[in-house]
Amino acid sequence: HCASVAATSGDVRSVRGPAVQWRHAWGHTAAAWGSQRRAAMARRYDSRTTIFSPEGRLYQVEYAMEAISNAGSCVGVLAKDGIVLAAEKKITSKLLETAKTAEKMYRIDEHVACAVAGLTADANILINDCRVASQRYRFTYQMPMPVEQLVQSICDRKQGYTQYGGLRPFGVSFLFAGWDEHHGFQLYQSDPSGNFGGWKAMAIGANAQSSQSILKQDYDAEMDLEAATKLAIKVLAKTMDSTTLNHEKVEIATLSRDGDGDVCYHMLGTGETDKALKEHQEAEAAAAQA
C-alpha cells in the first residue's frame with residue numbers, strides 16, 4: 001500500500017510539473033498579448049487630439065512635444081541685469097543672407113523677445129498673434145503689456161488647438177524673455193500643450209535634458225549678463241553635434257536696460273558672435289591645460 005501511495009504521489013508530481021510550466025508559458029503569452037493590445041489601442045486613440053486614451057493620454061499632443069526634441073537647441077539664462085537667449089541654427093549655407101534671416105530669434109515688442117524650437121512656420125503664426133495682442137494692449141492702455149499676460153494669451157490659443165476637432169497642435173516651443181515694471185526681467189517657457197512656466201534658466205529642443213543638467217550645476221542667481229552669455233555658449237558647445245561653433249551655427253540675443261531705463265533688445269552680429277565663441281574656446285583650452 002505504501003509503495004502504491006508513493007507511486008501515486010510521484011505520478012502527481014510528474015503531472016504537476018508540466019502544468020506549472022504551462023501556466024508560466026501562458027503568463028508570458030498573456031503579457032505579450034496585453035502589450036500588443038495596448039499598442040493597438042494606442043494606435044486607435046492617436047489619430048485625434050480630442051480623444052483620450054484609456055490611460056488618460058492625448059497622443060497627438062505628446063507627439064508634438066516629441067517633435068520639439070528633434071529641433072535645434074535653445075537656451076535662455078536669466079541674469080540680474082538682463083536675459084540671454086542662445087540658439088542653434090539648423091539651416092547653414094554660404095548663400096544664406098544672415099542679416100535678413102532670423103531662424104530662431106524674434107522680437108515681439110520693445111520689451112519682449114523669444115527663441116523658437118520646432119516648426120518655424122507654426123511659430124510665425126503665433127508670433128504674429130503675440131505682436132498683435134501686444135500692440136492692441138499698448139494702444140488701449142498706453143503702456144506695455146505685462147509679460148506673463150502676453151505669454152498666457154498665446155498659450156491659451158495653443159491649448160485650444162489641443163481641444164477642438166479638425167485641428168492639430170502647434171509643433172513649437174518658445175522661450176520668452178521680457179521685462180515689465182511689475183516683475184522685472186522674466187524668462188518663460190511654453191510647450192505645444194499650452195502649459196507655460198517661469199524659469200531662471202531653461203533649455204528646449206535637442207538634448208534638452210543634458211542642457212538642463214549643465215544649467216543646474218553652473219547657474220548662479222547673482223551672475224551678470226556677460227557671465228550668463230558665457231554659460232549659454234557653454235551649454236550649446238557641450239550639447240550641439242557640431243565640433244566647431246561660429247556665427248553660421250549659433251544665434252545669440254540679449255535683453256537688457258540702458259541708462260535711461262529703456263529696454264534694449266540686441267541681436268549679436270557675426271563679429272560679436274564669433275568673438276564670444278572664440279573666447280569660450282580659449283577658456284576651455286586653458287582649463288584643459290590647467
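A quick note: this is a predicted structure, and the numbers were derived from the prediction, not measured.

**Re the packing of aromatic side chains**
Right, on to step 1. Per the counting criterion, the structure on display carries 5 aromatic pairs.
Right, on to step 2. Where Tyr 59 meets Tyr 63, the ring centres are 6.3 Å apart and the plane angle is 35 degrees; that geometry is what we call tilted. Of this pair, Tyr 59 and Tyr 63 both sit in helix α2 (residues 59–68), separated by 4 residues, roughly a single helical turn.
Right, on to step 3. Relative accessible area serves as the criterion here: at 8%, Tyr 59 is assigned to the buried category.
Right, on to step 4. For the pair Phe 174 and Phe 176, a centre-to-centre distance of 5.2 Å together with 35 degrees between the ring planes defines the contact as tilted. The pair formed by Phe 174 and Phe 176 is uniform in burial state, with each residue classed as buried.

**Focus on the sheet that holds strand β5 (residues 172–180)**
Right, on to step 1. In spatial order, the strands read β3-β4-β5-β6-β7; together these 5 strands make up an open sheet with antiparallel pairing. Bordering the open sheet on either side are β3 (105–109) and β7 (196–198), each of which pairs with just one other strand. Here the average twist between neighbouring strands, direction ignored, is 25 degrees.
Right, on to step 2. With 7 bridges joining them, strand β4 (residues 112–118) and β5 adopt antiparallel strand pairing. The partner of Ala 113 across the bridge, within β5, is Ala 177.
Right, on to step 3. In this fold helix α3 (residues 120–141) packs onto β3, β4 and β5, with an angle of close to 20 degrees to the strand it touches most, β3.
Right, on to step 4. Packed onto the sheet, helix α4 (residues 147–160) meets β3, β4, β5, β6 (184–190) and β7 and runs at close to 160 degrees relative to β5.

Conventions adopted
- Residues numbered from 1 in each chain as written.
- Predicted model: local features only at pLDDT ≥ 70, side-chain atom pairs only at ≥ 80, totals over all residues.
- Heavy atoms only, no water.
- Phe/Tyr/Trp six-rings, centres within 6.5 Å; stacked < 30°, edge-to-face > 60°.
- Helix = DSSP H or I, 4+ residues; strand = E, 2+ residues; numbered from the N terminus.
- Buried < 20%, exposed > 50% of the residue type's maximum accessible area, 1.4 Å probe, protein only.
- Pairing = 2+ DSSP bridges.
- Axes fitted to C-alpha atoms, helices over the stretch in contact; angles between N-to-C directions.
- Contact = heavy atoms within 4.5 Å.

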